[in-house]
Amino acid sequence: MRQKIVAGNWKMNLDLNQGKALLLEILDSNINKDTLTIIAPPAIHLNSFNQMLSHTSIALAAQNCHQQDSGAYTGELSVGMLKSVGVEYVIIGHSERREYFMEDSLSLSFKVNNVIKHGLRPIYCCGETLTQRQEGEHFRTISNQIEQGLFQLNEMELLNCIVAYEPVWAIGTGETASPEQAQEVHNFIRKTIAKQYGDMVADNISILYGGSVKPANAKELFTCPDIDGGLIGGAALNAESFVAIGDSF
Ligand code: 13P
């Protein structure tokens, strides 16, 4: 079902003590209970955070997973392991994974499949680079990412996915896509999904915007008809701004 969602992607920031302190600050704030709040800390914090979050409405996400269930994959984490420490969502295909770890949409489709197989929900990221936008290639880039990463799923499986549109040029740059630019792409993503799966599926998928979201711009982004919330980076590392973004619907 289409939900209002604010997800904080902490990326590779904060050690365990710093992370716990931020989580406690968020828990002490009055988070918006009408919005699904998700936190994706570094994987090493997941187990302790799971204990801190029991009896709260905040859900835990991992920032990545491996596509196999077990085996000789040094340094990797399986979906089963993540599930065993309370993870419900897994960010798949963040642009930083695509850029620095050579992940492509086809290999990401295997991760998506594995997350779904274990009953967790992928937060599947897509988005164009600045060059792709300047060359007018953004729609094609995004439809390729969506089709190659997600269209192997059946309807019910796709309904368990969340899509995040994160234009690479807006991530960590302070430059946000304008509400019109973001809405245009979100609508395009919904139409791409509708063409393959029909309107019922497309209308029920949550599509999040990510890229320099902050309290000052969250409201105008979140009031766009096809934007269901945000995947927040830098502003999620501050309790006050993260909670304020959650209040921006
Ligand atoms: P910023 O909010 O820091 O631009 O990061 C966005 C992001 O990459 C979230 O996944």
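See above for the structure.
These remarks concern the structure in this document. Because the structure is predicted, anything quoted here is derived from the model rather than measured.

### Some thoughts on the overall build of the protein
Along the backbone of the protein there are 12 helices and 8 strands. A compact globule built from 249 residues should have a C-alpha radius of gyration of about 18 Å, and the protein, at 17 Å, falls within 12% of that. Dimensions of the protein, computed from C-alpha atoms along their principal axes, come out at roughly 45 × 45 × 35 Å. Per-residue burial over the protein gives 53% buried out of 249 residues. Sequence-distant contacts in the protein: of pairs separated by 6 or more residues, those separated by 24 or more amount to 71%. For the protein, the accessible area works out to roughly 11200 Å², and carbon and sulfur atoms hold 51% of it. Of the charged side chains in the protein, 18 are positive and 28 negative; the average position of the first set lies 3 Å away from that of the second.

### A few points about the packing of aromatic side chains
All chains considered together, the criterion is met by 5 aromatic pairs. Here the aromatic rings of tryptophan 10 and phenylalanine 49 are separated by 5.5 Å at their centres, their planes lie at 80 degrees, and the arrangement is edge-to-face. Here tryptophan 10 is found in the loop between strand S1 (5-9) and helix H1 (16-28), whereas its partner phenylalanine 49 is found in helix H2 (residues 46-53), with 39 residues between them in sequence. The burial state of tryptophan 10 is the same as that of phenylalanine 49; both residues are buried. Residue placement shows arginine 97 over the ring face of phenylalanine 101; its charged tip is 3.9 Å from the ring centre.

### Things to note about the sheet that holds strand S7 (residues 207-210)
Strands sit in the order S1-S2-S3-S4-S5-S6-S7-S8 around a closed barrel of 8 strands; the barrel is parallel. With direction set aside, neighbouring strand axes in the sheet form an average angle of 25 degrees. Here 2 bridges tie strand S2 (residues 36-40) to strand S3 (residues 59-62), and the two strands are oriented parallel to one another. Pairing of isoleucine 38 across the sheet is with alanine 59, part of S3. Set on the sheet, helix H5 (residues 105-117) makes contact with strand S4 (87-92) and strand S5 (121-126); between it and S5 the angle comes to about 160 degrees.

### Brief notes about the side chain of serine 143
Along the polypeptide, serine 143 turns up in helix H7 (residues 138-150). At a separation of 3.2 Å, a polar atom in the side chain of serine 143 contacts the main-chain carbonyl oxygen of arginine 140. Filtering out sequence-adjacent residues up to four positions away, serine 143 remains in contact with Phe188 and Thr192.

### Description of the site of the ligand
Near the ligand lie 13 residues; those nearest to it are Lys11, His94, Gly172, Ser212 and Gly234. Histidine 94 places a polar side-chain atom, nitrogen or oxygen, 2.8 Å from an oxygen atom of the ligand. Interatomic distance of 3.0 Å between a backbone N/O atom of glycine 233 and an oxygen atom of the ligand. Mapping the ligand onto the cavity grids shows that it belongs to the second largest pocket.

### A look at the layout of surface pockets
Size it by volume and the largest pocket reaches roughly 630 Å³. In this structure, the largest pocket is lined by 24 residues; those nearest its centre are Gln63, Asn64, Arg97, Phe101 and Glu103. Of the residues forming the lining of the largest pocket, the biggest block, 3 residues, is contributed by helix H4 (residues 95-100). Tallied by class, residues from the lining of the largest pocket come to 10 nonpolar, 8 polar and 6 charged. Roughly 220 Å³ of internal volume is contained in the second largest pocket. Forming the walls of the second largest pocket are 17 residues, and the residues nearest its centre are Ile171, Gly172, Ser212, Gly233 and Gly234. Split into classes, the residues belonging to the lining of the second largest pocket amount to 5 nonpolar, 9 polar and 3 charged.

### Examining empty space enclosed by the protein
If you walk through the whole model with that rule in mind, you get 2 cavities of 30 Å³ or more. Roughly 50 Å³ of internal volume is contained in the largest cavity. Looking at the largest cavity, the residues that line it are Val6, Ile31, Asn32, Thr35, Thr37, Phe242, Val243 and Gly246. Counting residues per element, the lining of the largest cavity draws most heavily on helix H12 (residues 239-246), which supplies 3 residues. Of the residues belonging to the lining of the largest cavity, the class tally is 4 nonpolar, 4 polar and no charged. For the second largest cavity, the calculated volume is near 40 Å³. Around the second largest cavity, the lining residues are Gly93, His94, Ser95, Arg98, Cys125, Cys126, Gly127, Glu166 and Val168. Residue classes in the lining of the second largest cavity are distributed as 3 nonpolar, 4 polar and 2 charged.

About the thresholds
Residues numbered from 1 in each chain as written. Predicted model: local features only at pLDDT ≥ 70, side-chain atom pairs only at ≥ 80, totals over all residues. Heavy atoms only, no water. Helix = DSSP H or I, 4+ residues; strand = E, 2+ residues; numbered from the N terminus. Rg over C-alpha atoms; globule rule 2.2 N^0.38 Å. Buried < 20%, exposed > 50% of the residue type's maximum accessible area, 1.4 Å probe, protein only. Contact = heavy atoms within 4.5 Å. Areas by Shrake-Rupley, 256 points an atom, 1.4 Å probe, with all protein chains shown as cover. Lys, Arg positive; Asp, Glu negative; His and termini not counted. Charge placed at Lys NZ, Arg CZ, Asp CG, Glu CD. Phe/Tyr/Trp six-rings, centres within 6.5 Å; stacked < 30°, edge-to-face > 60°. Lys NZ or Arg CZ within 6 Å of the ring centre and 35° of its normal. Pairing = 2+ DSSP bridges. Axes fitted to C-alpha atoms, helices over the stretch in contact; angles between N-to-C directions. Polar contact = N/O pair within 3.5 Å; in protein donor to acceptor, adjacent residues only side chain to side chain. Near = heavy atom within 4 Å. 1 Å grid on protein atoms, 1.4 Å probe; cavity = no way out; pocket = protein on both sides within 12 Å on 5 of 7 lines; lining within 4 Å. Sits in = over half its atoms within 2 Å of the grid points. Points joined across faces, edges and corners; volume = space filled by probe spheres on them. Nonpolar A, V, L, I, M, F, W, Y, C, P; charged D, E, K, R; others polar.

These figures come from the coordinates and say nothing about function on their own.
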